[in-house]
Amino acid sequence: MIKEFEKRLVVFVAKDFSRGVGLEKFLPNFAIVCWADFDAIDLAKKAGLNILCVAEKNSEGESSGKILESKRARDYIKKLQKEMRCKKVSILTFKGNSNIEFICKKNGWDCLNLDAKTTNRLEEKANFESLLKKYKGPTLPTVS
């Protein structure tokens, strides 16, 4: 368990809940807010993981920002914070962006992601086309 997070609720927000599974072993107050409801989520809930799905089964997915904008997600996070008696809420997503930062700031939550400008700069550094031209190993067939 990470001691610094004893009084903090950490919420992983993503389209796919499985990207956040495993952190509950290290964070005492952890939850996942995701898009769709799958059978695997029922198993995770039975194992004690706090999960909210904001959409219906098999519906089109949304981004982390759209999920976090939903009233259901915000109400769930506030309810958990109260139930777990956490002083702070921290939001973690697979990839940060300025919309998530804005939503966190508006709700008084901390954002644990890299800031949007840094994330964009890192993505711009990766030039996959030139990398693949130099790569001599096996590849899957692709269309240009």
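Scroll up a little and you will see the structure.
Since the model is a prediction, treat every value here as computed from it, not as a measurement.

1. A look at the nonpolar core
Link 1 in the chain: By size, the foremost hydrophobic cluster in this structure holds 23 residues, and its most contacted members are Leu9, Val11, Val33, Leu68, Ile77, Ile91 and Trp109.
Link 2 in the chain: Among the secondary structure elements, those contributing two or more residues to this core are β1 (8-14), β2 (30-34), α2 (64-69), α3 (71-83), β4 (88-93) and α4 (98-107).
Link 3 in the chain: For this core, the element with the most residues is α3, which contributes four residues.
Link 4 in the chain: Apart from residues lying up to four places away in sequence, tryptophan 109 is in contact with Leu68, Arg74, Ile77, Lys78, Val89, Ile91, Ile103 and Cys104.
Link 5 in the chain: Counting residues in hydrophobic clusters, the runner-up holds 14 residues, among them Phe5, Ile32, Cys34 and Leu49.

2. Focus on the packing of aromatic side chains
Link 1 in the chain: Scanning the model with the defined rule gives zero aromatic pairs in all.
Link 2 in the chain: It is arginine 19 that lies over the ring of phenylalanine 94; its NZ or CZ is 3.8 Å from the centre.

3. A closer look at the layout of surface pockets
Link 1 in the chain: Considering only enclosed or pocket space, the second largest pocket measures out at about 160 Å³ in volume.
Link 2 in the chain: What lines the second largest pocket is simply Ala14, Lys15, Asp16, Arg19, Ser63, Ser64, Phe94, Lys95, Gly96, Asn97 and Ile100.
Link 3 in the chain: Here the residues of the lining of the second largest pocket sort into three nonpolar, four polar and four charged.

4. Details of the pairing of β1
Link 1 in the chain: Judged by how many residues are buried, β1 sits mostly within the fold: seven of seven residues are covered.
Link 2 in the chain: Bridge analysis of β1 against β4 gives six bridges, and the strand direction is parallel. Considered in β4, the bridge of leucine 9 is made with valine 89.
Link 3 in the chain: Summarising the sheet, β1 and β2 pair through five bridges and their orientation is parallel. Paired with valine 11 across the strands is alanine 31, a residue of β2.

Rules used throughout
- Residues numbered from 1 in each chain as written.
- Predicted model: local features only at pLDDT ≥ 70, side-chain atom pairs only at ≥ 80, totals over all residues.
- Heavy atoms only, no water.
- Core = buried A, V, L, I, M, F, W, Y, C linked by side-chain atoms within 4.5 Å.
- Buried < 20%, exposed > 50% of the residue type's maximum accessible area, 1.4 Å probe, protein only.
- Helix = DSSP H or I, 4+ residues; strand = E, 2+ residues; numbered from the N terminus.
- Contact = heavy atoms within 4.5 Å.
- Phe/Tyr/Trp six-rings, centres within 6.5 Å; stacked < 30°, edge-to-face > 60°.
- Lys NZ or Arg CZ within 6 Å of the ring centre and 35° of its normal.
- 1 Å grid on protein atoms, 1.4 Å probe; cavity = no way out; pocket = protein on both sides within 12 Å on 5 of 7 lines; lining within 4 Å.
- Points joined across faces, edges and corners; volume = space filled by probe spheres on them.
- Nonpolar A, V, L, I, M, F, W, Y, C, P; charged D, E, K, R; others polar.
- Pairing = 2+ DSSP bridges.

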